[in-house]
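Chain by chain, the residues:
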Amino acid sequence: MEASNILLGVVGKTNVGKSTFFSAATEIDVPIENRPFVTIDPNVGVTYVRRMCPHVELGLPSCNASNSICRLGWRFIPVKIVDVAGLVPGAHEGRGLGNKFLDHVRRADALLLVVDASGSTDEEGRPVKPGSYDPVEEVKQMVFEIEEWMFNIIARDWDKLARFIDTGGALDVPGALAQRLSGLGILKNHVVKALETTGLESKRLTSWDRGDLRVFVSELRRVAKPIVIVANKADVPVAEDNVRRLREEFKGVPVIPTSSLAELMLRRASAKNMVEYMPGDGDFKVVGSPPRDLVRALERIRDLVLRKWGSTGVQEALNEAVFKTLDNIVVYPVEDHVKLTDKQGRVLPDALIIPRGSTARDLAYRIHTDLGETFLYAINAKTKQRVGESYRVNDGDIIKIVAAAARKA
Ligand SMILES: Nc1nc2c(ncn2[C@@H]2O[C@H](COP(=O)(O)OP(=O)(O)OP(=O)(O)O)[C@@H](O)[C@H]2O)c(=O)[nH]1
Ligand SMILES: [Mg+2]
């Protein structure tokens, strides 16, 4: 059972640490260098969000995680992530590498906007003295470039679409717009929200001017491509003040201080069994006797990153995007609600990421169309209660679906 279809897009200015973040998150080696435009082709990989495993909460000795991983009582649930080439101001006019490669994040559900919180790269991504460039400006410019990219795609045949809809070509206006914009991963509910918030719902599409379209696209970006600000290079001391400023300036948008470099080093050391460390941990333990240089570097990470910020922030940024920004929950479907096993007797094998507000029937559909179509009722394994199709699944629920299709099978 696939744990999720979520895709996170790593975007931002060139040379800010996007590939370092991606590599730390996926443990895939990709080119990283301190100069602009190192990444050209997109890197696609799998990373994990971290939750406490329900077997711990229930006092069970272990579980048999199958579509996800259980490590020392923590459940790591896979999500997809894509790292693309960097932007510079004016990218929408073709500067730098342009912005066409953002097409690789068309399907992204949320964007991890990596910025250089240490201010040690200029507008063009060239290395400069830490603190000499303002990450607040960087966020504004990058959001502008992303919205320009969306605007150009949407504006391309807008007039034709507007005429078609206004002359009665489609009864369901948001539905027709969403269909036209589906290549950008835009859903009907995104369009409905954007029309509502902008007050454009009552205005005929053919009477929108360019300004209206811009406001609409901005709002659509906010709902369909929400951003988490990844304030990277937080290991550099001047980043602290910038993180505070970013939070002040972008209220309502999460700002997560990260040191992707620290996470990458910790993961590499952990893969070589030189430290005990799990993504998201607030500390690590050196094991064996690694080279002195490494131990020194790790101690610096402890001082400059973990003690200061609580963690490297990479896991926090991923969790923030999937659970808070995209408002998802985790549910554990089982076949046997007493033993908490699947058909093969595996304990709590699957973790599914689903939108908050999903019903028991939505969950059934998510597992299998047949289960959704022939849904009878569900059992909440924690309370042992039978629940109906409209039961809203809670975060962490363990659910058995009872369906006619499954009975026959
Ligand atoms: N101090 C510090 N340096 C970092 C951090 N993350 C990345 N870097 C450095 O920043 C430089 C650029 O890193 P990349 O990951 O290649 O950046 P990018 O955003 O993918 O760059 P392009 O693909 O060229 O646009 C490298 O020298 C990294 O070592 C961090 O958390 N702290
Ligand atoms: Mg890169």
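Asks: Please give an account of the site of ligand 1 that cites residues and values.
Replies: Near ligand 1 lie 23 residues; those nearest to it are Thr 14, Lys 18, Thr 20, Val 38 and Asp 235. Between an oxygen atom of ligand 1 and a side-chain N or O atom of Thr 39, the distance comes to 2.8 Å. Expressed as a share of its isolated accessible area of 660 Å², the protein-covered part of ligand 1 is 91%. Taken together, the elements giving at least two residues each to the shell around ligand 1 come down to helix H1 (18–26) and helix H9 (260–271). It is H1 that provides the largest number of residues to the shell around ligand 1, a total of three residues.

Asks: Just give me the short version of the packing of helix H5 (residues 173–180) against helix H6 (residues 188–198), but keep the residues and values in it.
Replies: It is the contact of H5 with H6, at a shortest axis distance of 8 Å, that shows an interaxial angle of 120°. Judged by the inter-axis angle, H5 sits oblique to H6. At the point where H5 passes H6, the crossing takes the right-handed sense. Judged by residue contacts, Pro 174, Gly 175, Leu 177 and Ala 178 of H5 engage Lys 188, Val 191, Val 192 and Leu 195 from H6.

Asks: Any chance you could break down the coordination of the magnesium ion (ligand 2) for me, citing the residues and the numbers?
Replies: Surrounding the magnesium ion (ligand 2) are the protein donor atoms Ser 19 (OG) and Thr 39 (OG1), at 1.9 to 2.1 Å. Here Ser 19, found in helix H1, pairs with Thr 39, found in the loop between H1 and strand S2 (43–52); they are 20 residues apart in sequence, far enough to count as distant. Here Ser 19 matches Thr 39 in class, with each residue buried.

Asks: Account for H9, with residues named and values stated.
Replies: The end-to-end C-alpha distance of H9 is 16 Å, a good match for the 16 Å that 12 residues give at a rise of 1.5 Å each. Among all positions in H9, only Ser 260, Ala 262, Glu 263, Leu 264, Leu 266, Arg 267, Ala 269 and Ser 270 are buried. Of the surrounding elements, those touching the buried residues of H9 are H1, strand S3 (69–71), strand S6 (227–232), strand S8 (275–276), helix H10 (292–309) and helix H11 (314–325).

Asks: Can you break down the sheet that holds strand S11 (residues 352–355) residue by residue, with the values?
Replies: Taken together, the five strands give an open sheet; going across it, the order is S11-S10-S14-S12-S13, and neighbouring strands pair in mixed fashion. Taken across any chain shown, the strands that pair with only one partner, and hence form the sheet edges, are S11 and strand S13 (385–387). Each adjacent strand pair in this sheet contributes to an overall mean axis angle of 40°, direction not counted. Examined bridge by bridge, strand S12 (residues 375–380) and S13 share three bridges and lie antiparallel to one another. Residue pairing for S13: Asn 380 is matched across the bridge by Gln 385.

About the criteria used
Residues numbered from 1 in each chain as written. Chains lettered and ligands numbered in written order. Predicted model: local features only at pLDDT ≥ 70, side-chain atom pairs only at ≥ 80, totals over all residues. Heavy atoms only, no water. Near = heavy atom within 4 Å. Polar contact = N/O pair within 3.5 Å; in protein donor to acceptor, adjacent residues only side chain to side chain. Areas by Shrake-Rupley, 256 points an atom, 1.4 Å probe, with all protein chains shown as cover. Helix = DSSP H or I, 4+ residues; strand = E, 2+ residues; numbered from the N terminus. Axes fitted to C-alpha atoms, helices over the stretch in contact; angles between N-to-C directions. Parallel < 35°, antiparallel > 145°, perpendicular 65-115°, else oblique. Left-handed = near helix turned anticlockwise from the far one by under 90°. Contact = heavy atoms within 4.5 Å. Donors = N, O, S within 2.8 Å, 3.2 Å for Na, K, Ca; no water. Buried < 20%, exposed > 50% of the residue type's maximum accessible area, 1.4 Å probe, protein only. Expected span 1.5 Å × (residues − 1). Pairing = 2+ DSSP bridges.

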